[in-house]
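Structure assessment
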Amino acid sequence: MNQNLATKTELERISEFEYVGKRVTRVDGLPKVTGEAKYYDDIALHGLLIGKILRSPFPHARIKRIDTTKAEQLPGVKAVLTGKDIPVKFTFNYAEHLDTKKVERPPKEDVASLRGLMPEPRADKAPLAIDKVRFIGDEIAAVAAVDEETAIDALSLIEVEFERLHAVFDPSESMKSGAPQIHDDAEGNMAAHLYGEWGNVEEGFKQADLVVENTFKTTHQAHACMETHGCVTSWDALGNLTVWTSTQTPHPFRRELARVLRIPHNKVKVLSEYVGGAFGSKTEMGAYHVICAYLAKKAAAPVKLRLTREEEFMASGCRHPYTLTLKTGVKKDGSITARQVNIIVDKGAYISQGAAVTFYCLTVPMPGIYRPGNYKYDAKIVYTNKQPPTGFRGFGNPQAAWAIESQMDIIAEKLGLDPKELRLRNASHPGDITLAGFQVTSCGMSECIQKAAEAIGWDEKRKNKLPNRGVGMACLFHSSGERGAYGDCDTATATVKVNDDGSVTLFLGSQEIGTGNSTGQAQIAAETLGARIEDIRVLMGNTDLPAFDLGAYASRSTFISGNAVKLAAANAKEQLLQVAANELGVKAEELEAKKSKVFVKSDPSKSLTFQEVGIAAYYGKWKQHAIVGVGTWDAPSTLMDHATGKWKPPGMAATYTFGCQAVEVEVNPETGAVKVLKVASAHDVGRALNPTLLEGQIEGAIQQGLGYALSEDMRIEEGRTLVTDFRDYFLRRAPDMPPIQPILVESIDPVGAYGLKGIGEPAMVPVAPAVANAVYNAVGVRISSLPITREKVLTAMEELKH
Amino acid sequence: MVQIDLRINGSDQSVMIKPHESLREVLRRIGFTGVKKGCDVGGCGACTVLLNGDPIYSCCVFAAWAQGKDIITIEGLATGGELQPIQQEFATRNAAQCGFCTPGLIMSAKALLDKKEKPTEEEIRRGIAGNLCRCTGYVKVVDAIASASKK
């Protein structure tokens, strides 16, 4: 399965590409600008009921009694559910049926690879609380009623008797003996503990000329998708369930839901054509999905359950807050001899993807970027009585970068080196292998550093510093894909059908969450098949299509699915050319296709349109009857070897991405306010399949990154977020954004379709440390906890004076 | 329920509403689902429509209050199948990623361009300050509006 698809001749043919590398217009643009695009909340069905969830007002309490009688009697109420109605507990990709004691676990490989040296994941979350509630917002009961007001009224009629329990909010308190026990089977509130050593860090520190140790903190960042989580569920008479929802992972989500409902996967149809923002928050089945399916079953009517913005901020997940203590040993020349990291993860009430996120942080960026000679890690993932964070763009990498990249500047200063120079000396190059065993093939890291620095005017501005102005930079290392998230695979399947009129339908398993993935896939299909892109219709976001994919996460969509689409299109083209060859009386090898036309290479005047070939195939005498190409691709990546805790090359992914951001800031010495004047963001994208879409990914990630750096904080106090809507949560608005200069560096990857790599997450990763480094350069204060508020800057500047 | 008359996208409609219903809820209920629901308190701008030419958060206006006023939603922008330049530019310049905030952004941009033919970049950014977008960083959005203003 390890196809090496980008051949040299293909690379040399770049100038002949019709669609690869072009600023092709989005295939899904028009429905979005006319208001036609239907998101789950826009679905109208006859007799559609509205579902609502009763949530815990307490961070930690035992449920003594629930009485739903009055709610059930309220006119207009069609179904009421409590924990006893849904006897299941689940976590990401894992479920446990409480009545039959049947455990639905992922394939064995999942556990080995993702969880590393940890105990098996535990299904710790009930869709509706069974015995206890563990955070403010935990689901207790649910109703379905004829309208929203009746549903809300019904919730107020549900009587719950609580026994308040002591709650714990700080993970360092939570780990202490005598702390309230949040889950009975998690001693010391330890949700997971990841630790290991590659090489010998003590030896490494002995070899170092300088050893630096610092502690860095990150906070709760909300995904803040413009569309809140939710779904519409509808059962038919045959017991088939249709779910309209907003998901990044339609196929794995279908599996998770079907297993909880104990029905065959083909009885669940997931429809998710339009997703109003996701960023990692929509990779998991939520309690609300299970609740909504059960409500619809009980009410025998379709039900819509949409989280309000307040519920979204209270209970839909966010970025994991980390406290990272990073110890690094370096030689005078800047080479890194050892790195040791201790992390405490504030996991909130349920484990969700906490182990996987931290596993990524520990194995990809920590030992990957700058490749320390020895490495030791220890991460304690600790339950607290707060809302559970989940995966979020970067998946543990922004936290890693916050520590590593801030510390790189501290080290550079102590060594008397320019931070740019220190990074260049430690940059990766093709042929490098990280300590984890990740093989660097294509790599434009040094070029990214040079170009970002140049774009910000680095040398000039570091030399002739203006008062209160500063420049800073930070780098990133990320994977394109992740083997082991769902088993021993990182795979996609696509189908390309040439219809009887020569038009083309592309059935995608991979998902469109706004990134432009479906447009990129259409470009790859058009290029490979030789069709006009306007002749291609892309169908996706539907689990009943003849396609499969693990979903839009880990910057994998265009990278992984691109190769599946390329194979499917090549397969269809083979069939197409054979029919054309029959019609024209030549050999298929003599033919080529371009712009939906097949022609003889030596004599292009002999040609057939795709329409003519389509008619000949479907209705002609050539026994072809249909032109359907199927492509399945699995990345030539490897699983972690359980014995060593490392990978055989190429490692977790078939390729890795690199980048560097440089920013210029101005700090107001009176207020401490940080104004970002410009961001230059250089990325190794492999091949720029569609520069417009790539720029869009970079620009959007920088909006999120600047929020993370400067203003976004869910401010959870005593377990309660002070944020209920966008007036309390400070997303960057249009006037707040600085000019952004995206820089695309093409390293032409040997594995990605036409040489491309994934770029969905990377630009989010280094923004915050680049800003912190620029603030240090501007006014000499090092802010080590996010976000970099004016209070922190001003206080630090005051301290500097004394 | 009470009956009110609303003038939506140039045509008059009699609609049964609850007296406290917001304009957004009524518009969505009768099929104008391009009016998006991103929050519930006037913070995100996804529900922006034009009321007598002014961009407003339709979640913060009672439907009853809109009686007798001219309401334009995203569905009413294209005339006779012909897209407005602003819609065309959003589509071709990748200004709509996930697309959820797009109708609201386009309505705010439309109001801006109706009042000021050639806004500066700063004026464009101020003109859409009431609309949140989590995907684009606003770069392509501003490009699209600037480009539409030249058409």
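Residues numbered from 1 in each chain as written. Chains lettered and ligands numbered in written order. Predicted model: local features only at pLDDT ≥ 70, side-chain atom pairs only at ≥ 80, totals over all residues. Heavy atoms only, no water.

A word on the overall build of chain B. A count of helical and extended segments in chain B gives five helices and five strands. Each helix (α) and strand (β) of chain B, taken in turn from the N terminus, gives the series β-β-α-β-β-β-α-α-α-α. The principal-axis extent of the C-alpha atoms belonging to chain B is close to 45 × 30 × 25 Å. Per-residue burial over chain B gives 59% buried out of 151 residues. Residue pairs in contact within chain B that sit at least 24 positions apart in sequence constitute 54% of those at least 6 positions apart. With the model as given, the accessible surface of chain B reaches about 5700 Å², and the carbon-plus-sulfur share is 51%. Computed over 19 positive and 16 negative side-chain charges, the separation of the two mean positions in chain B equals 4 Å. (Helix = DSSP H or I, 4+ residues; strand = E, 2+ residues; numbered from the N terminus. Buried < 20%, exposed > 50% of the residue type's maximum accessible area, 1.4 Å probe, protein only. Contact = heavy atoms within 4.5 Å. Areas by Shrake-Rupley, 256 points an atom, 1.4 Å probe, with all protein chains shown as cover. Lys, Arg positive; Asp, Glu negative; His and termini not counted. Charge placed at Lys NZ, Arg CZ, Asp CG, Glu CD.)

It is worth spelling out the overall build of chain A at this point. Scanning chain A from terminus to terminus reveals 22 helices and 34 strands. Here the C-alpha radius of gyration of chain A, 27 Å, is about what a compact globule of 802 residues would show, namely 28 Å. With respect to the three principal axes, the spread of C-alpha positions in chain A is 85 × 75 × 55 Å. Relative to its 802 residues, chain A shows a buried fraction of 66%. Summarising the internal contacts of chain A: among those between residues at least 6 apart in sequence, 80% fall at separations of at least 24. The positive charge centre, built from 92 side chains, and the negative charge centre, built from 98, are 1 Å apart in chain A. (Rg over C-alpha atoms; globule rule 2.2 N^0.38 Å.)

With that out of the way, let us pick up the environment of Gly509(A). All names here are of chain A. Along the chain, Gly509 falls in the loop between strand S21 (504-508) and helix H17 (517-529). By relative accessible area, Gly509 is classed as buried at 4%. In this structure the C-alpha to C-alpha distance between Gly509 and Met714, which are 205 residues apart in sequence, comes to 34 Å. Ignoring any residue separated from it by four or fewer positions in sequence, one finds Gly509 in contact with His251, Thr493, Ala547, Phe548 and Asp549.

In this section: the sheet that holds strand S16 (residues 322-330) of chain A. All names here are of chain A. Read from one edge of the open sheet, five strands run S10-S18-S17-S16-S11, paired in mixed fashion. Taken across any chain shown, the strands that pair with only one partner, and hence form the sheet edges, are strand S10 (190-198) and strand S11 (210-217). When the angles between neighbouring strand axes are averaged without regard to direction, this sheet yields 5°. Pairing between strand S17 (residues 336-348) and strand S18 (residues 375-383): nine bridges, direction parallel. Paired with Val341 across the strands is Tyr377, a residue of S18. Across the sheet, helix H11 (residues 354-363) is in contact with S10, S16, S17 and S18; its angle to S18 comes to roughly 160°. (Pairing = 2+ DSSP bridges. Axes fitted to C-alpha atoms, helices over the stretch in contact; angles between N-to-C directions.)

Residues Val665(A), Val771(A), Ile788(A), Phe90(B) and Ile145(B) are the most contacted members of the largest nonpolar core, which totals 165 residues. Discounting chain neighbours no more than four positions away, the residues touching Ile145(B) are Ile86(B), Phe90(B), Ala109(B), Leu112(B), Leu113(B), Ile124(B) and Ile128(B). Ranked by size, the runner-up nonpolar core spans 53 residues in total, among them Ala522(A), Ile533(A), Ala617(A) and Tyr754(A). (Core = buried A, V, L, I, M, F, W, Y, C linked by side-chain atoms within 4.5 Å.)

Here the focus is the environment of Phe313(A). For Phe313(A), the position within the fold is in helix H10 (residues 309-315). Look past the residues within four positions of Phe313(A) in its chain and what remains in contact with it is Ala222(A), Gln387(A), Met714(A), Thr721(A), Val723(A), Thr724(A), Asp725(A), Phe726(A) and Tyr729(A).

Each side of the interface is counted separately: chain A has 54 residues, and chain B has 46 residues. For chain A, the biggest contributors to the area lost against chain B are Val33(A), Met226(A) and Arg733(A); these three give 18% of the whole. Measuring nitrogen to oxygen at the nearest pair gives 2.7 Å for the salt bridge that ties Lys36(B) to Asp42(A). On the surface where chain A and chain B come into contact, there are 31 residue pairs in polar contact (both at pLDDT 80 or more). Mapped onto the side of chain A that touches chain B, the elements with two or more residues apiece are helix H2 (29-34), helix H5 (148-156) and helix H20 (691-710) of chain A. Counting residues per element, the side of chain A that touches chain B draws most heavily on H20(A), which supplies nine residues. When its residues are assigned to classes, the side of chain A that touches chain B shows 19 nonpolar, 17 polar and 18 charged. (Buried area = accessible area lost by both parts, 1.4 Å probe. Salt bridge = Lys/Arg side-chain N within 4 Å of Asp/Glu carboxyl O. Polar contact = N/O pair within 3.5 Å; in protein donor to acceptor, adjacent residues only side chain to side chain. Nonpolar A, V, L, I, M, F, W, Y, C, P; charged D, E, K, R; others polar.)

This paragraph deals with the pairing of strand S22 (residues 536-539) of chain A. Burial along S22(A) is one-sided: the residues Ile536(A) and Val538(A) are buried and none of Arg537(A) and Leu539(A) is. The β-α-β motif built from S21(A), the intervening H17(A) and the parallel element S22(A) has right-handed crossover chirality. (Right-handed = clockwise from strand over helix to strand, strands pointing away.)

Moving on, we get to the environment of Gly204(A). Residue and element names in this part refer to chain A. Within the secondary structure, Gly204 sits in helix H7 (residues 201-207). With a relative accessible area of 0%, Gly204 lands in the buried category. Through-space distance from the C-alpha of Gly204 to that of Gly391 is 33 Å; in sequence the pair is 187 residues apart. Aside from chain neighbours lying at most four places away, what touches Gly204 is Thr337, Ala338 and Asn374.

We now examine the confidence of the model for chain B. Within chain B, residue pLDDT values average 96, and 100% of them lie at 70 or more. Listed scores for the predicted complex are pTM 0.96 and ipTM 0.98. (pLDDT = per-residue confidence, 0-100.)

All names here are of chain A. Along H5, the positions that sit buried rather than exposed are Thr150, Ala151, Ala154 and Leu155. For H5, the arc enclosing every buried residue in end-on projection is 140°, short of the 170-degree limit, so these residues lie on one face. On its buried face, H5 sits against strand S1 (49-55), helix H3 (69-73), strand S3 (77-82) and strand S8 (139-145). (Arc of directions from axis to C-beta.)

Residue and element names in this part refer to chain A. Counting through the fold element by element, Asp634 comes out in strand S27 (residues 627-634). Side-chain polar atoms of Asp634 contact the side chain of Arg483, separated by 2.7 Å. At a separation of 2.7 Å, a polar atom in the side chain of Asp634 contacts the main-chain amide nitrogen of Asp490.

Once that is clear, we can look at the packing of helix H8 (residues 250-261) of chain A against helix H9 (residues 287-299) of chain A. All names here are of chain A. One way to put it is that H8 packs onto H9 with a least axis distance of 11 Å and a crossing angle of 50°. One element, H8, and the other, H9, form an angle in the oblique class. The two elements H8 and H9 cross, and the hand of that crossing is right-handed. Contacts between H8 and H9 involve Phe253, Leu257, Val260 and Leu261 on the former and, on the latter, His289, Val290, Ala293 and Tyr294. For the contact of H8 with H9, the class distribution of residues is seven nonpolar, one polar and no charged. (Parallel < 35°, antiparallel > 145°, perpendicular 65-115°, else oblique. Left-handed = near helix turned anticlockwise from the far one by under 90°.)

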